[in-house]
Amino acid sequence: MTNRTMDGHRARKRFGQNFLHDEQVISGIVAAVFPKPQQHLIEIGPGLAALTRPILERADHLHVVELDRDLAARLENDPTMAGKITVHRNDALKFDFTALARQLDGKLRVFGNLPYNISTPLIFHLLSALDVIDDMHFMLQKEVVDRMAAGPGSKTFGRLSVMVQQCCKVTPVLEVPPHSFTPAPKVDSAVVRLEPYEHPPYPVADRALLNHVCHTAFHQRRKTLRNNLKELISADTLEQLGINPADRPEVRSVEDFVKITNWLAEHSSNDEAH
Ligand code: SAH
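Residues numbered from 1 in each chain as written. Predicted model: local features only at pLDDT ≥ 70, side-chain atom pairs only at ≥ 80, totals over all residues. Heavy atoms only, no water.

**Q** Where do I start with the site of the ligand in this structure?
**A** Near the ligand, the surroundings consist of 22 residues, among which Gln-17, Leu-20, Glu-66, Asp-91 and Asn-113 are the closest. Within the contact set of the ligand, an oxygen atom lies 3.3 Å away from a backbone nitrogen or oxygen of Gly-47. Note that a nitrogen atom of the ligand is positioned 2.9 Å from one of the backbone N or O atoms of Ala-92. Burial of the ligand by the surrounding chains reaches 98%, relative to a free accessible area of 570 Å². Classifying every residue of the shell around the ligand by side-chain character gives eleven nonpolar, seven polar and four charged. (Near = heavy atom within 4 Å. Polar contact = N/O pair within 3.5 Å; in protein donor to acceptor, adjacent residues only side chain to side chain. Areas by Shrake-Rupley, 256 points an atom, 1.4 Å probe, with all protein chains shown as cover. Nonpolar A, V, L, I, M, F, W, Y, C, P; charged D, E, K, R; others polar.)

In structure tokens:
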């Protein structure tokens, strides 16, 4: 097995490079994204353009964010894409999606086969710019997609599920085996679609506080909510909110974690737990 692709690029592990070569998977992703001219499409980590090219066939222009300078230079110098792509040589974790949307005067459609080593922080970075995003399609580790899509009662339901589902509709689109990539990753992959709600079903006063509540509530999954949350909220208050303090965190819903957060936001000066 070699890590060198057909194009002679040596895959760099530190950039999480696993290049897609499976045509069926590529067309499945393009069909899921369903790009159209005039849309503001932005790809994270285009690499050797496995997705970039077929997407460009359906869209008239594309913005790409690529951290690897060699790959960015290849993309910039590729005559078949000249004038059709704008390459941002940048770290997607630091990229200002809001500024790009402002510059383009419209919402963004974001997609990419993400570097798995940064996928969770990158998704949180994008969730903080949700008001300028129309939708997102990402290739991730299947395990991460499972956690995003999990419902209460599932072993994988946790902070990521609550944080993503509070603001987005989550739809798993496609499962992808390791041999669809060069080099093959050690894990199964999956493509997920995230669609930000215009009106979230459970509006939250403060997403940073929701994150803190989830962190605390799921800190020890085998413990009860009463135990995990004792520094934040009393068992009595949980009961008043209709939440059984003896439950384990993973059986409660997104709505429940939002209720706890909104209660805390309203009573922030009230030190009732002490
Ligand atoms: N989309 C291509 C490549 C996927 S590999 C394909 O499907 O074949 C992941 C890509 O993300 C690589 O091109 C890698 O260089 C790039 N990348 C890694 N870290 C990045 C970061 N922080 N910001 C932007 N791009 C990054």
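**Q** I tried to follow helix H11 (residues 254-266) on my own but got confused; where do I start?
**A** Because an α-helix packs 3.6 residues into every turn, residues spaced three or four apart end up facing the same way. The terminal C-alpha atoms of H11 lie 18 Å apart, and with 13 residues this matches the ideal 18 Å at 1.5 Å per residue to within 8%. Within the sequence span of H11, burial applies to Val-254, Asp-256, Phe-257, Val-258, Ile-260, Thr-261, Trp-263 and Leu-264. Of the surrounding elements, those touching the buried residues of H11 are helix H7 (159-167), helix H8 (207-217), helix H9 (225-228) and helix H10 (235-240). (Helix = DSSP H or I, 4+ residues; strand = E, 2+ residues; numbered from the N terminus. Expected span 1.5 Å × (residues − 1). Buried < 20%, exposed > 50% of the residue type's maximum accessible area, 1.4 Å probe, protein only. Contact = heavy atoms within 4.5 Å.)

**Q** Is there a simple way to explain the domain arrangement of the chain in this structure?
**A** Accessible area lost upon the coming together of the parts serves often as the stated size of an interface. In terms of domains, the chain is made up of domain 1 (13-196) and domain 2 (207-273). Averaged C-alpha coordinates put domain 1 and domain 2 at centres separated by 33 Å. Facing the 15 residues of domain 1 at the interface are 14 residues of domain 2. Summing both sides of the interface, domain 1 and domain 2 together bury roughly 1,200 Å²; the carbon and sulfur share of this comes to 64%. At the surface where domain 1 touches domain 2, the tally comes to zero salt bridges. Inspection of the domain 1/domain 2 interface yields six residue pairs in polar contact (both at pLDDT 80 or more). Counting residues per element, the ones that place at least two in the side of domain 1 that touches domain 2 are helix H5 (119-127) and H7. Of all the elements, H7 adds the most residues to the side of domain 1 that touches domain 2, at six residues. Of the residues contributing to the side of domain 1 that touches domain 2, the split by class is seven nonpolar, six polar and two charged. (Domains from an automatic or database assignment. Buried area = accessible area lost by both parts, 1.4 Å probe. Salt bridge = Lys/Arg side-chain N within 4 Å of Asp/Glu carboxyl O.)

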